[in-house]
Every structure is written in structure tokens, then in C-alpha cells.
Amino acid sequence: MTDSSCASSLIIGAASSPRAPLPTLPPLALYIHIPWCVRKCPYCDFNSHTASPVLPEQEYVDAMLADLDQDLHAVYGRELSSIFFGGGTPSLFSAQALGRLLEGVKQRIPFADDIEITLEANPGTFEQEKFVAYRKLGINRLSIGIQSFQQEKLKALGRIHNGDEAVRAAGMARQAGFDNFNLDLMHGLPDQSLDDALSDLRQAIELKPTHISWYQLTLEPNTVFWNQPPVLPEDDTLWDIQEAGQALLAEHGYAQYEVSAYAQPGRPARHNLNYWSFGDFIGIGAGAHGKLSHPDGRIVRTWKTRLPKDYLNPAKSFQAGEKALTNDEMPFEFLMNALRLTAGVESCLYPERTGLPLESLDEHRREAEQSGLLQVEPSRLAATERGQLFLNDLLQKFLS
């Protein structure tokens with residue numbers, strides 16, 4: 001499911017060296033974080049902050065472009081294969097602000113001819129004229145945060161929209177010219193039954209999105225739900241929901257290609273595929289993370305200043321920290337991404353993306369295969385069905 005054809009033959013001799021120079025650099029993507037929301041949801045642990053009546057659009061766009069300038073040394077002449085506006089709620093920003101940002105990015109890094117540009121949007125922020133303008137900017141994919149169509153569930157989740165607005169948002173997306181959009185849907189919600197969960201899925205399928213992200217609500221630290229836990233379905237109900245939901249999605253042509261992602265043929269999210277296949281991405285904006293490979297074999301993860309007020313403060317640095325991955329960390333770092341894909345990746349992608357020989361995985365790989373968690377397939381690194389259910393247990397075997 002990756003869009004990389006391995007060039008493992010170029011890693012000849014890597015086994016005699018701790019880390020070989022990378023034969024080719026991975027595809028490059030850009031993640032743009034816009035951290036403001038109308039209201040913070042009680043389950044959300046993302047870097048999001050309640051918006052003031054007037055957002056500092058101009059100042060924030062200026063800061064992000066200056067932030068990007070500091071990362072350009074690691075681009076090495078590559079073009080951008082995808083851009084993802086995440087948040088927060090990026091659709092709170094005007095088309096004018098996003099247009100100025102995209103133009104500034106394009107002046108600094110060339111765009112691939114078929115670049116995928118995704119904008120996260122919440123139904124409560126949909127305005128037809130604004131989304132038509134977004135489409136004209138070259139934004140060609142939306143990810144709409146529905147979560148549920150049922151009013152009592154939306155209220156429990158702290159969402160600002162209702163079910164009718166969610167349905168209208170999908171229609172408005174199509175009218176604005178978006179023929180490629182994702183619906184974000186959650187299951188395992190407070191007091192949710194199997195019928196409730198399947199009703200949400202059927203409603204989503206009726207709207208004919210090209211992609212559905214369908215994932216279970218989890219209680220994360222530093223959230224309202226963590227401190228005041230709601231009553232969630234029992235494990236047996238959660239299992240029934242998962243099995244019945246996957247069957248329903250498959251019946252309607254949505255193939256599961258990642259732990260919580262289902263797509264129509266040819267419509268997986270390219271930006272996310274780049275993550276899972278250990279591609280590179282620059283992260284700009286408050287709290288954004290990045291991962292960048294260098295020709296000498298170094299692979300560096302970066303993270304930016306988290307609070308918007310600090311990010312906008314010219315006396316403070318955009319970058320809050322960075323970490324070069326060690327050889328011992330590389331198996332886990334690579335596989336915690338690649339094994340999320342239901343089909344896994346070609347084995348030769350490991351040396352191509354890490355600079356380490358495939359043989360360096362042998363001991364842990366055999367152990368994972370013998371435990372029934374990893375497929376016994378020399379040409380692929382892929383979890384078994386059991387391994388997908390117990391992915392954390394599988395990944396533990398590759399921890400240094």
C-alpha cells in the first residue's frame with residue numbers, strides 16, 4: 001500500500017556498516033497545524049485552544065512561513081507530495097489567509113503535479129462561499145469531523161454541530177467541488193449500542209465519501225474525559241461493533257488499509273500513507289511535529305513550540321526540540337508506522353528508509369513470526385490478523 005518502489009539493491013554492503021547513507025530520500029510532505037477551535041472537546045488531547053473572537057491570521061501565517069524557512073535546509077531539492085492542514089479547526093481560517101500561506105509555501109518548495117492538499121473541517125464551520133474559495137486555492141481534499149450523527153452522542157462529545165449539519169456539510173463539500181473527502185467517525189461512545197454505531201456508519205456511507213476514518217474513542221490523559229470518565233460500552237459490545245462495522249464497510253466497497261482507515265479503490269489518503277511508510281514530513285505551526293531524513297543517513301524528529309502565544313513571540317524559537325534516531329530505536333520507529341497498514345510494506349523499504357540492513361531485524365522478526373503476530377513472508381513486513389488485534393504486543397518485540 002505504499003507508493004514507493006524499493007531500491008534495496010542500492011543498500012549492498014550496508015550490513016558491514018552501522019548506518020548506510022540513504023540511497024534515495026523518501027517522499028516529502030508538509031503538515032500545517034492551526035491550533036484554534038470554537039470549543040475544546042472533552043476527549044481531545046491534541047494541541048488545540050479555544051479561539052478568541054478575532055484570530056491572528058496574518059501574524060500566524062507570517063510566523064509559519066518564517067518557521068518553514070528554518071526547515072528548508074533539510075528539503076534537499078525535493079518537491080511536496082502532500083500537504084495536510086490539521087488542528088484545531090483549520091476551517092476557522094479565511095480562504096485569504098490559507099491562500100497566502102499556500103502561495104508562500106509554493107515559493108519555497110515546489111509542489112508535485114498531483115499534490116494532495118487536505119483541510120480538516122468541522123460541520124459547524126461550513127459556509128458554502130468559504131469552501132468554494134478553499135477549492136479554488138487548490139485544496140482538493142477535505143477531512144470532515146463528524147464523530148456521530150446522533151444528537152445525544154454529539155452532546156456527550158462536546159461537539160458544536162448537530163446531525164443535520166453533519167449531513168449538510170457533506171453535501172456542501174460536493175457542491176464546492178470536492179470529489180475527494182473523508183468523514184471522521186468514532187465508535188465506542190458513551191452508552192453506545194451496536195445499533196447506534198451501525199446507524200452512524202450507514203448514515204456516513206449514504207453520503208458517499210471516498211474515505212472513512214472510523215476509530216474507537218479512547219480516554220487520553222490531560223483531557224476532561226480522563227478526569228471525569230463517561231460510561232463506555234463493555235468490551236463484548238466494543239468487539240461486536242468492530243466486527244459488524246468492518247463487515248458493513250467492506251460490503252459497501254470501503255477497504256481497510258490501515259488500523260482505522262477505510263477507502264474506496266484508489267482513494268487512500270496519500271498524506272497518511274507517507275507517514276505509515278516512514279516518509280518525511282515538515283511540521284509547521286504551534287506544536288507541529290516533523291520527521292526528516294538526511295543523505296548521510298541521519299533521521300531527525302522535530303517538534304515546535306506548543307503554545308500559540310509562544311509560537312507568535314519573536315523572542316522565542318519556533319523549534320522546541322529535536323531528536324536524532326539511533327540505530328537501536330530504528331526498528332520500533334519504522335514498524336510502529338509500517339505495521340499499521342493492513343498489508344504492511346515491502347521488506348526492502350526498511351533498508352531504503354532507515355539505511356540499516358534488513359538482517360538487523362532477523363532475531364526479533366523470527367520471534368514475532370513464531371508468536372503468530374507477524375506474517376512469515378520474506379518479501380513483506382506485515383502483521384497477521386492476530387497481530388493487528390494485538391499491535392502493541394507485536395511492536396514491543398522490536399523495542400531496543
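In case you missed it, the structure is sitting above this.
Computed from a predicted model, the values in this text were never measured in an experiment.

Chemist: An account of a negative patch on the surface is needed here, citing residue identities and associated values.
Modeler: Where like charges cluster on the molecular surface, the negative patch consists of Glu-234, Asp-235, Asp-236, Asp-240 and Glu-243. Along the polypeptide, Glu-243 turns up in helix α8 (residues 235–251). Owing to a relative accessible area of 44%, Glu-243 belongs among the partly exposed residues under this scheme.

Chemist: Mind laying out the packing of helix α1 (residues 57–71) against helix α2 (residues 95–108), listing which residues take part and the relevant values?
Modeler: In the contact formed by α1 and α2, the axes pass within 10 Å of each other and the chain directions differ by 15°. Judged by the angle between their axes, α1 and α2 are roughly parallel. For the pair α1 and α2, the sense of crossing is right-handed. Contact residues: α1 offers Glu-57, Gln-58, Val-61, Asp-62, Met-64, Leu-65, Leu-68 and Asp-69, while α2 offers Ala-97, Arg-100, Leu-101, Gly-104, Val-105 and Arg-108. Grouping the amino acids of the contact of α1 with α2 by side-chain chemistry returns seven nonpolar, two polar and five charged.

Chemist: Please give an account of the environment of Gly-124 that cites residues and values.
Modeler: By the element assignment, Gly-124 lies in the loop between β5 (111–121) and α3 (128–136). Separated by 184 residues in the primary sequence, Gly-124 and Pro-308 place their C-alpha atoms 23 Å from one another.

Chemist: Residue-level account of the nonpolar core, with values.
Modeler: In terms of nonpolar packing, the biggest core is built from 67 residues, with Ile-83 and Phe-85 touching the most fellow members. When sequence neighbours within four positions are dropped, the list of residues in contact with Ile-83 reads Leu-30, Ile-32, Leu-102, Phe-111, Ile-115, Glu-116, Ile-117, Thr-118 and His-271.

Basis of the calculations
- Residues numbered from 1 in each chain as written.
- Predicted model: local features only at pLDDT ≥ 70, side-chain atom pairs only at ≥ 80, totals over all residues.
- Heavy atoms only, no water.
- Patch = residues over 30% accessible without salt bridge, like charges linked within 9 Å, V, L, I, M, F, W, Y side chains within 5 Å.
- Areas by Shrake-Rupley, 256 points an atom, 1.4 Å probe, with all protein chains shown as cover.
- Salt bridge = Lys/Arg side-chain N within 4 Å of Asp/Glu carboxyl O.
- Lys, Arg positive; Asp, Glu negative; His and termini not counted.
- Charge placed at Lys NZ, Arg CZ, Asp CG, Glu CD.
- Helix = DSSP H or I, 4+ residues; strand = E, 2+ residues; numbered from the N terminus.
- Buried < 20%, exposed > 50% of the residue type's maximum accessible area, 1.4 Å probe, protein only.
- Axes fitted to C-alpha atoms, helices over the stretch in contact; angles between N-to-C directions.
- Parallel < 35°, antiparallel > 145°, perpendicular 65-115°, else oblique.
- Left-handed = near helix turned anticlockwise from the far one by under 90°.
- Contact = heavy atoms within 4.5 Å.
- Nonpolar A, V, L, I, M, F, W, Y, C, P; charged D, E, K, R; others polar.
- Core = buried A, V, L, I, M, F, W, Y, C linked by side-chain atoms within 4.5 Å.

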